[in-house]
Amino acid sequence: MKKIYFIRHCKASGQEVEAALTVDGIEQAKQLAERLQQYDIKRIISSPFTRAIQTIEPFSKKMKIEIEQDERLAERVLSTQNFDDWLEKLEQTFLDENLRYIGGESSKEAIARIEQLIKELLESSTTDTAIVSHGNLLSLLITKYNSKFGFTGWKTMRNPDIFLLTKDGQDVDIKRIDI
């Protein structure tokens, strides 16, 4: 059975590419490393964003698993413009996957890039993989497998958060793992 762990990064100091984990986030990453040891994770793939890498580093070091960086796990850019009503704008992108704001990426475009990676992982010989990414992108991916998740599910996501995708034959299941 194929298992892919979707991990949302720990608490961060901001949204920029180089935003680091907060003091609380660093402690969360240590606790996450302890929690993840119970799983048979053999491969780690992370967004190149600093907060994602810092989230999985304690586990990577403890288990001696290299962190592979993949641009397809980078957070989705909603727009290059600042919106006072960004939350409503984000919600609209869950309702219309083709909606694209100036300088941003539509939900459809974001899903396409991360789905390509998931397809590769499902076809690979590695059975248990952890991917570390961001709330918006992961929520779009989860929604692809569970249409009820959507924007409401995104609002319930925590930093960090873990979801497990399993594939057994043609059956694909996704569920949240308590941390």
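Fair warning: this is a prediction, and the values are worked out from it, not measured in the lab.

Asker: Give a description of the overall build of the chain that names residues and reports values.
Answerer: Assigned secondary structure in the chain consists of six helices and six strands. Its helices and strands taken in sequence order, the chain reads β-α-β-α-β-α-α-β-α-α-β-β from the N to the C terminus. Of the contacts formed within the chain by residues at least 6 apart in sequence, a portion of 64% connects residues at least 24 apart. For the chain, the exposed surface amounts to about 9,300 Å²; the carbon and sulfur share of it is 46%. For the chain, the distance from the average position of its 26 positive side-chain charges to the average position of its 29 negative side-chain charges is 3 Å.

Asker: Describe the sheet that holds strand S1 (residues 2-8), listing the residues and the values that go with them.
Answerer: Taking strand neighbours across the sheet as the criterion, the six strands line up as S3-S2-S4-S1-S5-S6 in an open arrangement whose pairing is mixed. In this open sheet, the two edge strands, each paired with only one partner strand, are strand S3 (67-69) and strand S6 (171-177). The sheet shows a mean angle of 20° between the axes of neighbouring strands, direction not considered. Sheet strands touched by helix H4 (residues 107-123): S1, strand S2 (43-46), strand S4 (128-133) and strand S5 (161-168). Its angle to S1, the strand with the most contacts, is close to 145°.

Asker: Describe in detail the pattern of salt bridges, supporting the description with residues and values.
Answerer: Pairs can form between side chains of opposite charge whenever their charged atoms are close. Inspection of the entire model under this criterion finds eleven salt bridges. In this structure, Lys-42 and Asp-40 form a salt bridge, with 2.9 Å as the shortest nitrogen-oxygen distance. Accessibility expressed as a relative area gives 44% for Asp-40, which makes it partly exposed. Measuring nitrogen to oxygen at the nearest pair gives 3.4 Å for the salt bridge that ties Lys-89 to Asp-85. By relative accessible area, Lys-89 is classed as partly exposed at 21%. Assessed through its relative accessible area of 29%, Asp-85 is described here as partly exposed. Within this structure, Asp-70, Arg-72 and Glu-120 form a network of salt bridges that share partners.

Asker: Kindly report on helix H3 (residues 86-95), identifying the contributing residues and their values.
Answerer: Those residues of H3 that fall on the buried side of the exposure criterion are Leu-90, Thr-93 and Phe-94. Seen along its axis, H3 keeps its buried residues to an arc of 105°; they face one direction. Facing away from the buried surface of H3 by more than 90 degrees, the exposed residues are Glu-88 and Leu-95. In the core, the buried residues of H3 are packed alongside H4, helix H5 (135-145) and helix H6 (150-156).

Asker: Just give me the short version of the side chain of Thr-55, but keep the residues and values in it.
Answerer: With respect to the secondary-structure elements, Thr-55 resides in helix H2 (residues 50-63). Not counting the four nearest positions on each side in its chain, Thr-55 is found in contact with Ile-7, Arg-8, His-9, Cys-10, Leu-21, Ala-29, Leu-32 and Val-132.

Asker: Give a detailed account of the packing of helix H1 (residues 23-36) against H2, specifying residues and quantitative values.
Answerer: Two elements in contact, H1 and H2, have axes separated by 8 Å at closest approach and are oriented at 45°. Judged by the inter-axis angle, H1 sits oblique to H2. For the pair H1 and H2, the crossing hand works out as right-handed. Together, Ala-29, Lys-30, Leu-32, Ala-33, Glu-34 and Leu-36 of H1 and Gln-54, Thr-55, Ile-56, Pro-58, Phe-59 and Lys-62 of H2 make up the contact between the two elements.

Asker: Lay out the packing of aromatic side chains with the relevant residues and their values.
Answerer: Counted under the stated rule, the structure contains six aromatic pairs. Measuring from ring centre to ring centre gives 4.9 Å for Tyr-5 and Tyr-39, while their planes differ by 40°; the resulting arrangement is tilted. Of this pair, Tyr-5 sits in strand S1 while Tyr-39 sits in the loop between H1 and S2, and the two are 34 residues apart along the sequence. For Tyr-5, a relative accessible area of 2% gives the class buried.

The rules we used
As a convention, each chain's residues are numbered from 1 in the sequence order in which they are written. Thresholds applied to this predicted model are a pLDDT of at least 70 for local features of residues and 80 or more for the giving and counting of side-chain atom pairs; totals over whole chains, interfaces and linings are not thresholded and use all residues. The side-chain numbers reported here are obtained from all heavy atoms of the structure, hydrogens and water having been left aside. Strands here mean DSSP runs of E at least two residues long; helices mean DSSP runs of H or I at least four residues long; both are numbered from the N terminus. Contact criterion: two residues are considered in contact whenever any of their non-hydrogen atoms come within 4.5 Å of each other. Surface accessibility follows the Shrake-Rupley procedure with a 1.4 Å probe radius. Residue values consider only the protein chains on display as shielding. Only four residue types enter the charge count, namely Lys and Arg as positive and Asp and Glu as negative; His and the chain termini do not. In plain terms, the charge of a residue is placed at NZ if it is Lys, CZ if Arg, CG if Asp and CD if Glu. Paired strands are those between which DSSP finds at least two bridges. Only C-alpha atoms enter the line fits that serve as axes; for helices the fit covers just the stretch in contact. Angles between N-to-C directions range over 0 to 180 degrees. Every case where a carboxyl oxygen of Asp or Glu lies within 4 Å of a side-chain nitrogen of Lys or Arg is listed as a salt bridge. Classification of residues uses two cut-offs on accessible area relative to the type maximum, computed with a 1.4 Å probe and protein chains only: under 20% is buried, over 50% is exposed, and between them is partly exposed. What the arc describes is the spread of directions from the helix axis to the C-beta atoms. Throughout, the term roughly parallel applies to angles under 35 degrees, roughly antiparallel to angles over 145, roughly perpendicular to angles from 65 to 115, and oblique to all others. In this scheme, a crossing is called left-handed if the near helix is turned counterclockwise away from the far one by less than a right angle; it is called right-handed if the turn is clockwise. In this scheme Phe, Tyr and Trp rings, the latter by its six-membered ring, pair at centre separations within 6.5 Å, and the angle between planes marks the pair as stacked below 30 degrees, edge-to-face above 60, and tilted otherwise.

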